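Observations on the model geometry
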Amino acid sequence: MKNKYSIFSLIKNAFSNHENWQRAWRDPEPKKEYDAVIVGGGGHGLATAYYLAKKHNLTNIAVVEKGWIGGGNTGRNTTIIRSNYLWDASAGLYDHALKIWEGLSQELNYNVMFSQRGVMNLAHNLQDVRDLKRRTHANRLNGIDAVWLETDEVKKFCPIINTSQDIRYPVLGGTLQKRAGTARHDAVAWGYARGADEMGVDIIQNCEVKGIKRNGDTVEGLETSKGFIKTKKIGIVAAGHSSVIANMAGLKLPLESKPLQALVSEPVKPIIDTVVMSNAVHAYVSQSDKGELVIGAGTDSYISYTQKGSFNIVEETLKAILELYPIFSRMKMLRQWGGIVDICPDASPIISKTSIKGLYFNCGWGTGGFKATPGSGDLFAHTIANDEPHKLNAAFNINRFVSGDLVDEHGAAAVAH
Amino acid sequence: MFLINCPYCGVRDQSEFVSGGEAHIARPKQPTELNDDQWAEYLFMRKNIKGIQFERWNHVHGCRKWFNVARDTSNDKIEKIYKMGEQPPKI
Ligand SMILES: Cc1cc2nc3c(=O)[nH]c(=O)nc-3n(C[C@H](O)[C@H](O)[C@H](O)COP(=O)(O)OP(=O)(O)OC[C@H]3O[C@@H](n4cnc5c(N)ncnc54)[C@H](O)[C@@H]3O)c2cc1C
Ligand SMILES: [Zn+2]
């Protein structure tokens, strides 16, 4: 039984210089066989394992991760959480996640620092205004909080935005989702890992999957850098590397993997207490609790697994940031990094069974899956345990690319998430 | 971020080009004969290779011509550039 984190445990451990904290999760060697194995120890993979154990009583399971948990896109994203998506299927999916976020720290006994500081999306031209107003109406029909703000209301909500009408892309208004916000990315991975470990899930790091063993159309196990692991159910949650693993099983996915970048500035005093996104000029910014501006840039246009991204992409983003926030003109950027994001043709994810029995994929989250982490884990666990999708992820099956029933969020979500 | 040697203009920065994705996906000769699976394969399914990939590029901010590139997507190193219509090189 794990010790509960609380103000009292904090005080108690302070007396021993914080040297006697219990391990948050074990570091086991893989067993020969599991009832199910999750590939990929990002937030989505760990959440899947947590809900498989918690809601479906599958505890003889493992998560295998080629590096360290949370070292992929989970630890590289700009942590924006919102659910104001246009289509019904997406609204259902992302709002399911948002509702879990609201109680997640309590549920996991781990502070994921979920902060409902609001997310504002700016409109810069007439088409933006129309699209965003339409999205606001669609959101409200789906019971998702959304309001339209005129330019002066935008200024009032976030005073540092340049709302002058003579800039290249003037602010013509915006939408606001107040329940939206940010969370601490690492804490999400660690909280789920700790919770899953407590229920008996083996979290195996430095264990790379190199092959998938099949017997006809059924999976038999995984070849890994720590040997063969026998299992009847495999859930792949490998983000940018999903296609690589699909190829091991002889499958092709409708994905392209591209570098997506983010950067942070030097820390400064609180200056922006919300998240502001602008799809048209491709800039989004928030401020971390440490005081750094957290800035999201765009994807490169080409497929790459290099986890860096091009300089010109960063340059364009910073130009846009400076026009919208002249106050940042002398701010220094401290760090820049990239992640590899897996993008579907309709910019929506895949949470699905496949043509191979026992092989499941959760991928295609692209530039915007952090916000969905708890919901994605919950629904993927349901899909694996029951060999059937939950009604909330039924539309996100892989077969939609054959039936043509796409969930096209490109227009609504654009590049920035 | 890397340089691309356009077969028509010479070496330029990658930002002058746009990637057209996987190369050698032939447009179906008889679209009406395709079933849904074949359409999905043609339109959406991609190899998305980590390693050497054959892909199309267009010099949008230059000659605006298309050509093929063999590039290692794990380190962005270009192995070979060849013209449209040519067979992929053996690498
Ligand atoms: C710069 C950037 C900014 C972003 N901003 C946002 C944002 O603001 N809001 C938002 O909602 N989303 C955002 N995203 C997207 C978000 O980060 C991802 O959609 C989400 O984190 C995916 O989580 P995951 O657990 O599926 O993937 P990951 O965290 O990438 O986990 C996948 C894991 O699989 C492992 N793996 C891969 N291959 C193998 C193998 N062969 N064997 C074993 N393990 C393997 C990897 O090492 C990795 O740890 C952003 C992404 C980036 C890169
Ligand atoms: Zn040229």
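Up top is the structure these notes are about.
The shown structure was predicted, so the numbers you read here are calculated from the model rather than taken from an experiment. (Residues numbered from 1 in each chain as written. Chains lettered and ligands numbered in written order. Predicted model: local features only at pLDDT ≥ 70, side-chain atom pairs only at ≥ 80, totals over all residues. Heavy atoms only, no water.)

**Examining the coordination of the zinc ion (ligand 2)**
Residue and element names in this part refer to chain B. Our working rule: Counted as coordinating are nitrogen, oxygen and sulfur atoms within 2.8 Å of the metal, or 3.2 Å for Na, K and Ca, while water is not included, which may make sites look incomplete. For four-coordinate sites, all angles between 85 and 135 degrees define a tetrahedron; for four- and six-coordinate sites, opposite donors beyond 155 degrees with the remaining angles between 65 and 115 define square planar and octahedral shapes respectively, and all other cases count as irregular. Three exposure classes are used, based on accessible area relative to the maximum for each residue type with a 1.4 Å probe and protein chains only: buried under 20%, partly exposed in between, and exposed over 50%.
Protein coordination at the zinc ion (ligand 2): the donors are Cys6 (SG), Cys9 (SG), His59 (ND1) and Cys63 (SG), at 2.0 to 2.3 Å from the metal. Coordination at the zinc ion (ligand 2) is tetrahedral, judged from the four donor atoms that bind it and the angles of 105 to 118° they form at the metal. Spacing between the donor residues of the zinc ion (ligand 2) along their common chain follows C-x2-C-x49-H-x3-C. Exposure remark for Cys9: the relative accessible area of 30% places this residue in the partly exposed category.

**Structural notes on the site of ligand 1**
Residue and element names in this part refer to chain A. So the rule is basically this: Here a residue is considered near a molecule or strand provided that any single heavy atom belonging to it is located within 4 Å of it. Here a polar contact is recorded for every N or O atom pair within 3.5 Å, except that within protein the pair must consist of a potential hydrogen donor and a potential acceptor, and residues adjacent in sequence are included only if both atoms are side-chain atoms. Only the protein chains shown count as cover for residues, and all accessible areas are computed by the Shrake-Rupley method using a 1.4 Å probe. Helical segments are the DSSP runs of H or I of at least four residues, strand segments are the runs of E of at least two, and each set is numbered from the N terminus.
Residues in contact with ligand 1 amount to 38 residues; listed here are only the nearest, Glu65, Asn73, Thr74, Thr78 and Lys371. Taking His44, its main chain carries an N or O atom lying 3.0 Å from an oxygen atom of ligand 1. The separation between an oxygen atom of ligand 1 and a polar main-chain atom of Thr79 is 3.4 Å. Isolated, ligand 1 exposes 1,000 Å² of accessible area, and the fraction of that covered by the protein chains is 97%. Those elements that place two or more of their residues in the shell around ligand 1 are α2 (43-56), β14 (256-265) and β18 (333-343). Take the shell around ligand 1: its biggest share by element is three residues, from β14.

**Considerations on the sheet that holds strand β15 (residues 275-278) of chain A**
All names here are of chain A. Formally: Two strands form a pair only when DSSP identifies at least two bridges running between them. Axis definition: a line fit to C-alpha positions, over the contact stretch in the case of helices; interaxial angles, taken between N-to-C directions, run 0 to 180 degrees.
Read across the sheet, eight strands follow the order β6-β7-β5-β15-β16-β17-β14-β18 without closing on themselves; strand pairing throughout is mixed. The open sheet has two edge strands with one neighbour each: β6 (147-149) and β18. Put simply, the sheet's adjacent strands are angled 20° from each other on average, direction ignored.

**Side note on the side chain of Ser9 of chain A**
Residues and elements named next belong to chain A. Cut-off, in case you're wondering: Only heavy atoms enter the contact rule, under which two residues are in contact if any of them lie within 4.5 Å.
Within the secondary structure layout, Ser9 lies in helix α1 (residues 7-14). There is a polar contact of 2.9 Å between the side chain of Ser9 and the backbone nitrogen of Ser6. Non-local contacts of Ser9, meaning those with residues more than four positions away in its chain, are made with Lys4 and Trp21.

**Remarks on the pairing of strand β6 (residues 77-83) of chain B**
Residues and elements named next belong to chain B. For strand β5 (residues 66-72) and β6, the ladder comprises six bridges, and the chain directions are antiparallel. Paired with Asn68 across the two strands is Tyr82, which belongs to β6. Here β5 folds back onto β6, and the loop between the two strands holds four residues, one of which, Asp76, carries a positive phi near 65°.

**Brief notes about the environment of Gly240 of chain A**
Residue and element names in this part refer to chain A. Tracing the chain through its elements places Gly240 in the loop between β13 (234-236) and α7 (242-248). Since its relative accessible area comes to 3%, Gly240 is described here as buried. Sequence separation of Gly240 and Gly72 is 168 residues, and the distance between their C-alpha atoms is 8.7 Å. Ignoring sequence-local partners within four residues, the contact set of Gly240 consists of Ser257, Tyr305, Ile340, Val341 and Asp342.

**Digging into the interface of chain A and chain B**
Often, the extent of an interface is quoted as the loss of accessible area on bringing the components together. Basically, it comes down to this: In this description, buried area is defined as the sum, over both parts, of the accessible area (probe of 1.4 Å) that is lost when the two are combined. For this document, the term salt bridge refers to a Lys or Arg side-chain nitrogen within 4 Å of an Asp or Glu carboxyl oxygen.
Each side of the interface is counted separately: chain A has 24 residues, and chain B has 25 residues. Carbon and sulfur atoms make up 55% of the area that chain A and chain B hide from each other, which totals about 2,100 Å². Area buried by chain A at its contact with chain B is led by Lys252, Tyr302 and Ile303 of chain A, which between them contribute 29% of it. Joining chain A to chain B, the criterion identifies one salt bridge. In this structure, Glu41 of chain B engages Lys252 of chain A in a salt bridge whose closest nitrogen and oxygen atoms are separated by 2.7 Å. Put simply, chain A and chain B have 14 residue pairs in polar contact (both at pLDDT 80 or more) between them. When residues of the side of chain A that touches chain B are traced back to their parent elements, those giving at least two are α7, β14, α8 (311-324) and α10 (400-403) of chain A.

**Let's talk about the nonpolar core**
All names here are of chain A. The line we're drawing: Grouping buried Ala, Val, Leu, Ile, Met, Phe, Trp, Tyr and Cys residues that are joined through side-chain atoms within 4.5 Å yields what is termed a nonpolar core.
By size, the foremost hydrophobic cluster in this structure holds 48 residues, and its most contacted members are Leu46, Tyr51, Trp101, Leu104, Val112 and Tyr192. For this core, the secondary-structure elements that each account for two or more residues are β2 (36-39), α2, β3 (61-64), α3 (88-108), α6 (185-198) and α9 (373-386). When neighbours within four sequence positions are excluded, Tyr51 is seen to be in contact with His56, Ile100, Leu104, Glu107, Tyr192, Pro374, Gly377, Asp378 and Ala381.

On their own, these measurements won't tell you what the molecule is for.
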